[in-house]
Amino acid sequence: MAEISYGYSVPIGPIHPALKEPIEFVFDIEGEKVKGVKIYAGHAHRGIEWMGMRRNPIQNLYLAERICGICSVTHALALALAVERALNIEVPPRAQYIRLIVAELERIHSHLLWAGVAAHEVGFDSAFMLLWKVRENVMDLLEKLTGNRVNYAIIQIGGVRRDITEELRHEIWKSLDYYRTLSERIKVLLLEDPTFTLRTRDVGVLTKEDALSLCAVGPTARASGVPKDVRQDQPYIAYADIGVKAITPDLYTGEVKGDVYDRTVVRLLEIDQSIDLIDKALTNMPDGEIVYEKNLVKLLALIKKGEGEGVGRHEAPRGEDVHYVKFVPGSENLAVWKVRAPTYSNLLPWVPMFKDAEVADIPIIVASTDPCMSCLNRATLVYPSGRKEVLTHEELHKLSVEKTRRLSRR
Amino acid sequence: MIFLKLILTVFLSAWVMFIGLLYKGIDRKIAARLQARFGPPIIQPFYDVIKLLQKENIVPENAVPWIFNGAPWLALLASISLFFYQPMGSLPPILGDRGDIILILYVFTVAAIAIVAGGFASGSPFATVGAQREMVLLMSYEFPLATAIIALAWYYSKTFSDLPAFSLYTYVLKPIWSHVGPLGFLGMLLIMLTILVVAPAELGKIPFDIAEAETEIAEGVMVEYSGKNYALFYIADGVKTLAMTALVVNMFFPWNLSSFFGLSGVGAYLLDFIFFWVKVLALLLISVTLVRVAFARLKVDQIARFYWFPLLLTSMVGLLLVVCDKLV
């Protein structure tokens, strides 16, 4: 006897008010329960890597900043780290501290932005408005520090482009004090709100086993009790001097459930952590140069002579961001540039999270990993005759081998 | 007499539509200020309606056109007709002898059913989910609401055997609070609480706006509506919000100012009429605006559970206390 289905399918996306960027979910729904999900990415592919392989690393910094609209410093920093590793460029200590400060300020603004979006997804618009209002303070600070609210353009290969003056230091202290006084109130606003708790507790659970086997990264993994943080595991820039410990939700609630509530806890605690990190970095910041080579012509000549490959990893607000670059002698352009943004790793963990969720839970579960679709999309399939949706493992492998051959010939 | 009533009906319809949109603007402005925003100008809803009326009225290909187009009219007419049975200040209801509170409850349901029908007729999965949710919502709050109304009517039937117990005008003439004992007072407080909690659900406002739920199902039942049809729903929403608050005002806050100032005649009617709308605005701000900025949206099962258990219990205890007050 054929199985009778009482369900129907609901498409969420590519354009839907719950999504801030295009991605397509097709849910099999029975009543209000989600029975299955298919995820189609690739709607925001812009071919940035392809463009990057026709430019030199200094030009690529600007391109990298524009991979993501929120993690502005993340991609530039990871690219700079990769290039520096490939070419053995040593970054002056003061530049490393400035990089840390900007990266952590970005984490504060990104997590506040996320908390606002999460509140909006569950219909808690007051929290959304208030959180985005307090976020303005760090945006203004970033503008004072770097000249821009987003796409800061502060990272340079071998250092940073602007110094933190004594005056700016005081501005940062002031901002840190502002967020210290707010931190408790933000926690009360979200974590102790009965309706927000009702909407997020035991929703979108990702167990520790799933988080490990599906390679979740960032706050998504940490909320499931996996103490995984690049800043802790393989410290880079000034993190090695200061020391970071991965935040897990049991620090606040005493237990790990791996639900949306825990992901909120982790992000709010990370705001406090970032405040402490910036505080320590400001106190211990050494004097000295802020860039390895000021003269860009000389820097380019060095890049042109250089050869080798390097990997740059940075713990973005959303998780581990990896850039891989390769140089061949005689060319200043990147021979290979590969970006793996955190959202890519957090794609598969969505599937267990959606298991037995309700329709009403879909937006908050999607938002709970803090996805960034334009970071995620690094490939798109274009066939002359229509769209082909599924590629098997063999086909993908064959395509990869072909591409590697093509690249290594150049 | 019938001719006069007809004219009054037309005037009243225009008046409630105007006030509905105006109060909607005030509600939006105050909500915005509470959320640390500036908010739109108070007359924004009028701009919205004018704009919507100029827009193309799209009927989806797989919709059922006559239901799809009829539902907004039904919703608006039902919402407006709610006012024909409600006293305003010291003015008796226009059609007071034709219907009572039971009719009002039915007409509220008709307005909700119109939204459900429009949703199902849209032929969109989002609208279907929204319509299903609206039905669950309807089933959830009807029982506590009915219990509360019965408690009130029963009390009046026992206290004033010569007056119609289900007529709203009776409630206005004889304010409940001056006739109950201490137990009944407590009971009536619980009954009032029940109705105030039902109000946001009846009106589809946060935390009970699951039928529309912008981030979840993209405005749900309204997703396919545009142009004139949407404008009708938009006005109906404003009028329905007024009708619900006006109902609570008539039931629990029926006091008038004219006797306080010793006025009589047209002056008294006018003052009471204005005071009535002030009371409606105050109650609207408390029971709709404040609630909708203070909470997140609940899920459909959480709402059903909330109405069936804690709230039903509240109204039952209220009913019990009222009965005790009368019998003991």
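See the structure printed just above.
Enquirer: Could you clarify how one ought to interpret unusual backbone geometry in this entry?
Expert: Backbone phi values are negative for most residues with the exception of glycine, while trans is the configuration of most peptide bonds. Residues and elements named next belong to chain A. Although it is not a glycine, Asn88 adopts a positive phi angle of roughly 55°. Topologically, Asn88 is positioned in the loop between α3 (72-87) and α4 (93-121). In this model, Asp370 sits at a positive phi of 55°, which is unusual for a non-glycine residue. Turning to its location among the elements, Asp370 is positioned in the loop between α17 (362-368) and α18 (373-376).

Enquirer: Quick question: what am I supposed to make of the sheet that holds strand β2 (residues 24-30) of chain A here?
Expert: Pairing between sheet strands relies on hydrogen bonds along the backbone, with the strands arranged either parallel or antiparallel. Residues and elements named next belong to chain A. The strand order β1-β2-β3 describes an open sheet built from three strands, whose pairing is antiparallel. Two strands close off the open sheet at either side, each with one partner strand: β1 (8-12) and β3 (33-40). Between one strand axis and the next, the sheet turns through 25° on average, direction left out of account. Across seven bridges, β2 lies against β3 in antiparallel orientation. For Phe27, the partnering residue across the bridge sits in β3 and is Val37.

Enquirer: Help me out: how do you make sense of the packing of helix α5 (residues 125-159) of chain B against helix α12 (residues 300-327) of chain B in this one?
Expert: Viewed as axis vectors pointing N to C, α5 of chain B and α12 of chain B meet at an angle of 5°, and their least axial separation amounts to 8 Å. On the basis of the axis angle, α5 of chain B is roughly parallel to α12 of chain B.

Enquirer: Would you take a moment to explain the pairing of β2 of chain A for this structure?
Expert: Where a strand is regular, its side chains alternate between the two sheet faces. Residue and element names in this part refer to chain A. Of the pairings in the sheet, the one linking β1 to β2 comprises five bridges and is antiparallel in character. Counted as the bridge partner of Ile12 is Phe25 from β2. Turn length for the β2-β3 hairpin, with the two strands adjacent in sequence and antiparallel, is two residues, and the turn residue Gly31 shows positive phi of about 65°.

Enquirer: Can you help me understand the interface of chain A and chain B in this one?
Expert: Accessible area lost on assembly of the parts is the figure often given for the size of an interface. On the side of chain B, 24 residues touch chain A, which itself brings 31 residues to the contact. Summing both sides of the interface, chain A and chain B together bury roughly 2,300 Å²; the carbon and sulfur share of this comes to 59%. Where chain A meets chain B, there are one salt bridge. Close ionic contact of Asp361 of chain A with Lys299 of chain B constitutes a salt bridge, the shortest N to O distance being 3.0 Å. Our count for the contact surface shared by chain A and chain B stands at seven residue pairs in polar contact (both at pLDDT 80 or more). The class makeup of the residues in the side of chain A that touches chain B is 16 nonpolar, seven polar and eight charged.

Cut-offs and rules
Residue numbers here run from 1 along each chain, matching the order of that chain's written sequence. Working convention: letters from A go to chains and numbers from 1 go to ligands, in the order in which they are written. The predicted origin of the model limits local features to residues at a pLDDT of at least 70 and limits the giving and counting of side-chain atom pairs to 80 or more, whereas totals for whole chains, interfaces and linings rest on all residues. The side-chain numbers reported here are obtained from all heavy atoms of the structure, hydrogens and water having been left aside. We count a stretch as a helix when DSSP gives it H or I for four or more residues in a row; a strand needs E for two or more, and each element gets its number in order from the N terminus. For two strands to count as paired, DSSP must find a minimum of two bridges between them. The axes are straight lines fitted to the C-alpha atoms, using for helices just the contacting stretch, and the angles between their N-to-C directions are given from 0 to 180°. To sort the angles, those under 35 degrees are grouped as roughly parallel, those over 145 as roughly antiparallel, those from 65 to 115 as roughly perpendicular, and the leftovers as oblique. Residues count as neighbours in contact if any of their non-hydrogen atoms are within 4.5 Å of one another. By buried area we mean how much accessible surface two parts lose on assembly, using a 1.4 Å probe and totalling the loss over both. Here, a salt bridge means any side-chain nitrogen of Lys or Arg that lies within 4 Å of a carboxyl oxygen of Asp or Glu. Under the rule applied, a polar contact is a pair of N or O atoms within 3.5 Å (in protein, one hydrogen donor and one hydrogen acceptor; residues adjacent in sequence only if both atoms are side-chain atoms). Think of it as three bins: nonpolar holds Ala, Val, Leu, Ile, Met, Phe, Trp, Tyr, Cys and Pro, charged holds Asp, Glu, Lys and Arg, and polar takes everything else, Gly as well.

Shape is all these values report; function is a separate question.
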